[in-house]
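Architecture at a glance
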Amino acid sequence: MDFVYIPLIVFGLFILISSFFTVKQQTAAIVERFGRFQGIRQSGLNWKVPLVDRIAGRLSLKIQQLDVIVETKTKDDVFVRLKVSVQYKVIKEKVEDAFYKLDYPHDQITSYVFDVVRAEVPKMILDDVFLRKDDIAIAVKSELNDAMQNYGYDIIKTLVTDIDPDAQVKEAMNRINAADREKTAAQYEGDAARILIVERAKAEAESKRLQGQGIADQRREIARGLEESVEVLNKVGINSQEASALIVVTQHYDTLQAIGSETNSNLILLPNSPQAGSNMLNDMVASFAASNQIGEAMKNNKKKEIKE
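Residues numbered from 1 in each chain as written. Predicted model: local features only at pLDDT ≥ 70, side-chain atom pairs only at ≥ 80, totals over all residues. Heavy atoms only, no water.

1. Thoughts on the sheet that holds strand β3 (residues 36-41)
One key point about sheets: their strands pair by backbone hydrogen bonds, in either a parallel or an antiparallel sense. Pairing is antiparallel in the open sheet, where three strands are placed in the order β3-β2-β5. The sheet is open, and its two edges are formed by β3 and β5 (53-60), each paired on a single side. Strand-to-strand twist of the sheet, defined as the mean angle between neighbouring strand axes without regard to direction, takes the value 30°. The pairing of strand β2 (residues 27-33) with β3 spans five bridges and is antiparallel. By the bridge assignment for β3, R33 is matched with R36. (Pairing = 2+ DSSP bridges. Helix = DSSP H or I, 4+ residues; strand = E, 2+ residues; numbered from the N terminus. Axes fitted to C-alpha atoms, helices over the stretch in contact; angles between N-to-C directions.)

Next comes the structure, spelled out in structure tokens:
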């Protein structure tokens, strides 16, 4: 007779053990009694009435992410694909609503994302979509929060993580960007060339100015040297005309000597014979004498006019 009770004891132990169950951290278990909601069990060791209560399901209380790809058209008629990442979680105090009011929360969230994105993006041109992606994310979060709060879900964050225009549009944008950069580079090169020309002209002008100043100083020193030479010759009894002629002839032969010292010189000074130097000296003496006579005659005429 004792063996008859063994199966009953085993069955009773099995029922007792099966009435205990565990719930993982950041998870909530929904317990039903005869098909009706009975309660929520949090993480840890829990107990339910055997054969009466059952675990209807479990919900994660962790933050989850749903990525939604939306294709739409911008205000300037460019088709673009946006990737919107929605981070959400079940509100701990509303686990019952989250479990019973929605069968497929992903589908619900996806529908709202499509609705908001396709309402906001067509108001913007393509450039504004890139610049104002945060505004799109804020609009999606606001719409989802208002809708999903009633179902026990809290929207933590929405992010527009990718904006992908049509391939032909991206290629055109790259060409435009490259053309702008080439234009800027050409402008910089033009500015550099203009500055180089201006600076070169300034340098040349400064060089000419300094060269002219050097020539002027050279001629001034030559004149001073000639003046000193004439004064020295006058002291030894040579008058100014003869002294000037002598200096010219001396410079003439000095020039010929300097030219002759250069082995590769192709310069020919005409006339360059010795008679030419003598003729030049005679011509200079005669011209100086004639100029002196003309000067004396002009002085005498002025004196006569004054006396009359």
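Let us keep going from here.
2. Focus on the pairing of strand β6 (residues 64-73)
The side chains of a regular strand alternate, residue by residue, between the two faces of the sheet. Bridge count for β6 against strand β7 (residues 79-90) is 10 bridges, and the pairing is antiparallel. Paired with T72 across the strands is V80, a residue of β7. Connecting the antiparallel pair β6 and β7 is a turn made up of five residues, with D77 showing a positive phi of about 60°.

3. Some remarks on a nonpolar patch on the surface
On the surface, I9, L13, L16, I17, F20, L45 and W47 cluster together into a nonpolar patch covering about 770 Å² of accessible area. Mapped by element, the contributors of at least two residues to the nonpolar patch are α1 (2-18) and β4 (44-47). A per-element tally of the nonpolar patch places α1 first, with four residues. Structurally, I9 can be placed in helix α1. (Patch = residues over 30% accessible without salt bridge, like charges linked within 9 Å, V, L, I, M, F, W, Y side chains within 5 Å. Areas by Shrake-Rupley, 256 points an atom, 1.4 Å probe, with all protein chains shown as cover. Salt bridge = Lys/Arg side-chain N within 4 Å of Asp/Glu carboxyl O.)

4. With respect to unusual backbone geometry
Not every positive phi belongs to a glycine, and L51 is a case in point at roughly 65°. As for its placement among the helices and strands, L51 is situated in the loop between β4 and β5. On the accessibility criterion, L51 (69% relative accessible area) is exposed. Despite not being glycine, D77 has its phi angle at roughly 60°, a positive value. Inspection of the secondary structure assignment puts D77 in the loop between β6 and β7. (Buried < 20%, exposed > 50% of the residue type's maximum accessible area, 1.4 Å probe, protein only.)

5. Focus on the nonpolar core
Residues L82, I109, V113, V117, I136, V140 and L144 are the most contacted members of the largest nonpolar core, which totals 32 residues. At the level of elements, β2, β6, β7, α2 (95-100), α3 (105-120), α5 (133-148) and β8 (153-165) are the ones that each hand at least two residues to this core. Examining the composition of this core, we find that six residues originate from one element, β7, more than from any other. Not counting residues up to four positions away in its chain, the partners in contact with V117 are V70, T72, L82, V84, P122, I136 and V140. (Core = buried A, V, L, I, M, F, W, Y, C linked by side-chain atoms within 4.5 Å. Contact = heavy atoms within 4.5 Å.)

6. With respect to the packing of α3 against α5
Their axes nearest at 9 Å, the elements α3 and α5 cross at an angle of 140°. Judged by the angle between their axes, α3 and α5 are oblique. As for how α3 packs across α5, the hand of that crossing is right-handed. Each of Q108, I109, Y112, V113, V116, V117 and E120 in α3 lies in contact with α5, whose residues at this interface are I136, A139, V140, E143, L144, A147 and M148. (Parallel < 35°, antiparallel > 145°, perpendicular 65-115°, else oblique. Left-handed = near helix turned anticlockwise from the far one by under 90°.)

7. A word on the side chain of T27
Tracing the backbone through its elements, the reader meets T27 in strand β2. A relative accessible area of 15% means that T27 is categorised as buried. Here T27 is in contact with R41, Q42, S43, R58, L59 and L61, once residues within four sequence places are set aside.

8. Looking at α5
The terminal C-alpha atoms of α5 lie 22 Å apart, and with 16 residues this matches the ideal 22 Å at 1.5 Å per residue to within 8%. Along α5, the positions that sit buried rather than exposed are I136, A137, V140, L144, N145, A147 and M148. Each buried residue of α5 sits inside an arc of 165° when the element is viewed along its axis, so together they form one side. In α5, the exposed residues that point more than 90 degrees away from the buried face are D134, I138 and D146. (Expected span 1.5 Å × (residues − 1). Arc of directions from axis to C-beta.)

Function-wise, these values are silent; they only describe arrangement.
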